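A closer look at the structure
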Amino acid sequence: MSEGVVIFLVDLAIIVAAARLLGQAAIRLRQPRVVGEILAGVLLGPTLLGGFSGWLFPASARSALGALSTVGLVLFVFLVGYELDRRMLRASGRQAVVVALGALAVPVVLGVALGWWLVRRHGAADPSATALFIGVAVAVTAFPVLARIVTEHGLQRVRAGNLSLAAAAVDDVLAWGLLYAVIAYAGAQGQHMWRLALAVPYVLAHLYLVRPMLRRLLGGAGAGNGALAAVLAGLLVSCAAAEWIGAHYIFGAFLFGAVMPREGMSEVREQIVARLEPVNNMLLVPVFFAVAGLNVDLSRMRPDVLGELALVVAVAVVAKVLGTYPTARLGGLGPREALTVSTLMNTRGLTEIVVLTVGLQVGLVDQLVFSVMVAMALLTTIMTGPALWALGVRRDKAEPGTATRPEAPGRHLTLASPGVSRPSRPAPPGRRPESGSARRDAA
């Protein structure tokens, strides 16, 4: 066995162990597991280890880990698209759409202004594309993390929680679309810009060719090994095609997951998710965090950069509140309920890291700006739990992984007085735990 293989396997073991330990520590601190896993990736980089990180993760190992993280990112984005509840999007109503538009539009505008300010300080190869990208990054809401927080606090039983989930789902779809537009705009000056014209037939082919083929495949063969292999092969081809036309492979993964058949195939869907999620969550996603963390060095942040971080966090939080609070109030929610929705929509987590990684890969941000934005993603996710506590929302006492009975539609959130915890309700017999999208970031 060559020395390179030994180093790669040891590095892989270190990543998995660190992610597991810090993920468990995050749960004990009443944070989503993903907070600890992201932090593990950052601490394995130069932020904590300095030059030792380069010795521990040499170039040969980083190349292999980068390839492995690509597979993890593809599977994660595919599962996000696959577990996107189209019925919830259709039934979310005008209020959820309005809240989602507010939670997207205001952060994009303020984020673009912030992006221009960062461009003037750090420079950029394409200033307008970088500013637009920062706007999209500020506007992101991590639906998987939000879903887990909503479940853990029992908010899926009340109007504020349901509205947050529906709005976050709409926000996610719109954010992916905006990110695609920015990446396409950034690549429009390349010599292969004509390939972007293939985006429309690419999408249409997924809707009218790929989806019917998947329905026939899964409807007849179920989720057996042969069918799963065909799905994975199709997923990888879709990602390769998206990368070839200049759209980045994550859009191929999301679109392929979104067109996967659902109606009448709930068992097939659960089987596929159950077979892909464990390995991805325990191995591939932590590798992705580690690879991202190797590009983050918070230890070298000068006082002026720390000031930038404070400004970025302030803009991210204020933008979400300004975009979400008024629209939630117009929908009939009380002040504290509307603040609860704003707090939940400020959650970023893994989705933000994915978006930032894409920006780093295509050259829209440098490593310093990437580090600042990753720190913002961590801080805005960490502050969600304490902010809910300050609003009087108490964590549900149900065991993790158990579901709770939803309230009647439209019921308002009852906020506990400070120091008084809300009684929990046991899950009804036979009720299944929350969906995989709610488990992905913190289960």
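1. Notes on the overall build of the protein chain
Helix and strand content of the protein chain: 20 helices and 0 strands. Classification of the 443 residues of the protein chain by burial places 53% in the buried group. Residue pairs in contact within the protein chain that sit at least 24 positions apart in sequence constitute 83% of those at least 6 positions apart.

2. As for a nonpolar patch on the surface
Nonpolar side chains collect at one region of the surface, where Val200, Val203, Leu204, Leu207 and Tyr208 lie side by side and expose about 460 Å² of accessible area between them. Inspection of the secondary structure assignment puts Tyr208 in helix α11 (residues 199-221).

3. Observations concerning the confidence of the model for the protein chain
Confidence along the protein chain averages 82 in pLDDT terms, with 83% of residues attaining 70 or more. Considering only residues more than four positions removed or in separate chains, one finds that residues 396-443, a stretch of pLDDT under 50, has 111 contacts.

4. Here's the deal with the environment of Val372
The residue Val372 is located in helix α18 (residues 367-382) in this model. Separated by 74 residues in the primary sequence, Val372 and Leu298 place their C-alpha atoms 7.9 Å from one another. Excluding residues that lie within four positions of it along the chain, Val372 makes contacts with Met301, Val305, Leu309 and Val312.

5. Remarks on the pattern of salt bridges
Evaluated as defined, the whole model comprises 5 salt bridges. Across the pair Glu308 and Arg121 runs a salt bridge, and its minimum N-O distance is 2.5 Å. In this pair, Glu308 sits in helix α15 (residues 303-330) while Arg121 sits in helix α7 (residues 93-122), placing the two residues 187 residues apart along the sequence. One salt bridge in this structure joins Lys320 and Asp171, with 3.8 Å as the shortest N-O distance. Note that Lys320 is positioned in helix α15 and Asp171 in helix α10 (residues 159-186), a separation of 149 residues in sequence.

6. A look at unusual backbone geometry
Non-glycine residue Arg30 carries a positive phi angle of around 60°. By relative accessible area, Arg30 is classed as exposed at 55%.

7. Thoughts on the packing of helix α1 (residues 3-28) against helix α5 (residues 59-82)
One way to put it is that α1 packs onto α5 with a least axis distance of 9 Å and a crossing angle of 55°. Taken together, α1 and α5 sit at an angle that is classed as oblique. Crossing of α1 against α5: the hand is right-handed. Within the contact between the two elements, α1 uses Ile7, Phe8, Asp11, Leu12 and Ile15 and α5 uses Ala61, Ala64, Leu65 and Leu68. Looking at the contact of α1 with α5, its residues break down into 8 nonpolar, no polar and 1 charged.

8. What to know about the nonpolar core
In terms of nonpolar packing, the biggest core is built from 112 residues, with Phe78 and Ile250 touching the most fellow members. In terms of residues, this core owes the most to one element, α10, which gives 12 residues.

9. Overview of the side chain of Thr351
Locating Thr351 in the fold gives a position in helix α17 (residues 349-361). The exposure class assigned to Thr351 is buried, which follows from its relative accessible area of 5%. Filtering out sequence-adjacent residues up to four positions away, Thr351 remains in contact with Val140, Thr141, Ala142, Phe143, Pro144, Asp172 and Trp176.

10. Here we look at the packing of α5 against helix α14 (residues 266-293)
Running from N to C, α5 and α14 point in directions that differ by 140°, and their axes come no closer than 8 Å. As judged from the angle between their axes, α5 and α14 are oblique. α5 and α14 meet at a crossing whose hand is left-handed. Taking contact as the criterion, the partners of Leu65, Gly66, Leu68, Ser69, Val71, Gly72, Leu73, Leu75, Phe76, Phe78, Leu79 and Tyr82 in α5 are, on α14, Val268, Arg269, Ile272, Val273, Leu276, Glu277, Asn280, Leu284, Val287, Phe288 and Val291.

11. Quick notes on α1
Here α1 spans 38 Å end to end across 26 residues, near enough to the 38 Å set by a 1.5 Å rise per residue. By the burial criterion, the buried members of α1 are Phe8, Asp11, Leu12, Ile15, Ala18, Ala19, Gly23 and Ala26. The secondary structure elements touched by the buried residues of α1 are α2 (33-43), α4 (52-56), α5 and α14. Where α1 terminates, the next one or two residues include Arg30, which has phi positive at roughly 60°.

12. Overview of α2
Within an α-helix, residues lying three or four positions from one another point in the same direction, as the helix has 3.6 residues per turn. By the criterion of burial, α2 is predominantly enclosed, with 9 of the 11 residues buried. For α2, the full list of buried residues reads Arg33, Val34, Val35, Gly36, Glu37, Ile38, Ala40, Gly41 and Val42. The inward-facing, buried residues of α2 contact α1, α3 (46-49), α9 (143-152), α14, α17 and α18.

13. Some details on the environment of Lys320
Here Lys320 falls in the buried class, since its relative accessible area comes to 0%. Taking the C-alpha atoms as reference, Lys320 lies 9.5 Å from Leu344; in sequence the two are 24 residues apart. When neighbours within four sequence positions are excluded, Lys320 is seen to be in contact with Ala103, Pro107, Val138, Ala139, Val140, Thr141, Asp171, Tyr325, Ser342, Met345, Asn346 and Arg348.

14. Focus: the packing of aromatic side chains
Taken as a whole, this structure holds 7 aromatic pairs when the rule is applied. Between Phe288 and Phe289 the ring centres are 5.9 Å apart and the planes differ by 45°, which places this aromatic pair in the tilted class. Residue classification places Phe288 among the buried positions, given a relative accessible area of 5%. Taken together, Trp176, Tyr180, Phe251 and Phe254 form an aromatic cluster joined through their ring pairs. The side chain of Arg269 reaches across the aromatic face of Tyr82, ending 5.8 Å from its centre.

15. Some thoughts on the environment of Thr340
Looking at the secondary structure, you find Thr340 in helix α16 (residues 335-345). Between the C-alpha atom of Thr340 and that of Val393, which follows or precedes it by 53 residues, the distance is 8.3 Å. A polar side-chain atom of Thr340 sits 2.8 Å from the main-chain carbonyl oxygen of Arg336.

Calculation criteria
- Positions within a chain are numbered from 1, following the residues in the order the chain's sequence is written.
- In keeping with the model being predicted, local features are shown solely for residues with a pLDDT of at least 70 and side-chain atom pairs are shown and tallied solely at 80 or more, while totals for entire chains, interfaces and linings include all residues.
- The side-chain figures draw on all heavy atoms in the structure; neither hydrogens nor water molecules are used.
- Counting from the N terminus, the helices are the DSSP runs of H or I reaching at least four residues and the strands are the DSSP runs of E reaching at least two.
- Type-normalised accessible area, obtained with a 1.4 Å probe on protein chains alone, sets the label of each residue: buried when under 20%, exposed when over 50%, and partly exposed for intermediate values.
- In this description, contact between two residues means that some pair of their heavy atoms is separated by no more than 4.5 Å.
- Patch members must show over 30% relative accessible area and no salt bridge, and they are joined within 9 Å when carrying like charges or within 5 Å when they are nonpolar side chains of Val, Leu, Ile, Met, Phe, Trp or Tyr.
- Only the protein chains shown count as cover for residues, and the accessible areas themselves come from Shrake-Rupley with a 1.4 Å probe.
- Any carboxyl oxygen of Asp or Glu that lies within 4 Å of a side-chain nitrogen of Lys or Arg is treated as forming a salt bridge with it.
- pLDDT is a per-residue confidence score from the predictor, ranging from 0 to 100.
- Here, axes are lines fitted to C-alpha atoms. For helices the fit covers the stretch in contact, and angles between N-to-C directions go from 0 to 180 degrees.
- Each angle gets one of four labels, with under 35 degrees taken as roughly parallel, over 145 as roughly antiparallel, 65 to 115 as roughly perpendicular, and the rest as oblique.
- For a crossing to be left-handed, the near helix must be turned anticlockwise from the far one by less than a right angle; the clockwise case is right-handed.
- Three residue categories are used. Nonpolar comprises Ala, Val, Leu, Ile, Met, Phe, Trp, Tyr, Cys and Pro, charged comprises Asp, Glu, Lys and Arg, and polar comprises the others, including Gly.
- Side-chain atoms within 4.5 Å are what join buried Ala, Val, Leu, Ile, Met, Phe, Trp, Tyr and Cys residues into a set we call a nonpolar core.
- To estimate the expected span of a helix, count its residues, drop one, and scale the result by 1.5 Å.
- Whether two aromatic rings pair depends on their centres lying within 6.5 Å, for rings of Phe, Tyr and Trp, where Trp uses its six-membered ring; planes under 30 degrees apart make the pair stacked, over 60 edge-to-face, and the rest tilted.
- Whether a charge sits over a ring depends on NZ of Lys or CZ of Arg being within 6 Å of the ring centre and within 35 degrees of the ring normal.
- Between N or O atoms, a polar contact is any pair within 3.5 Å; within protein, one atom must be a potential hydrogen donor and the other a potential acceptor, and residues adjacent in sequence are included only when both atoms are from side chains.

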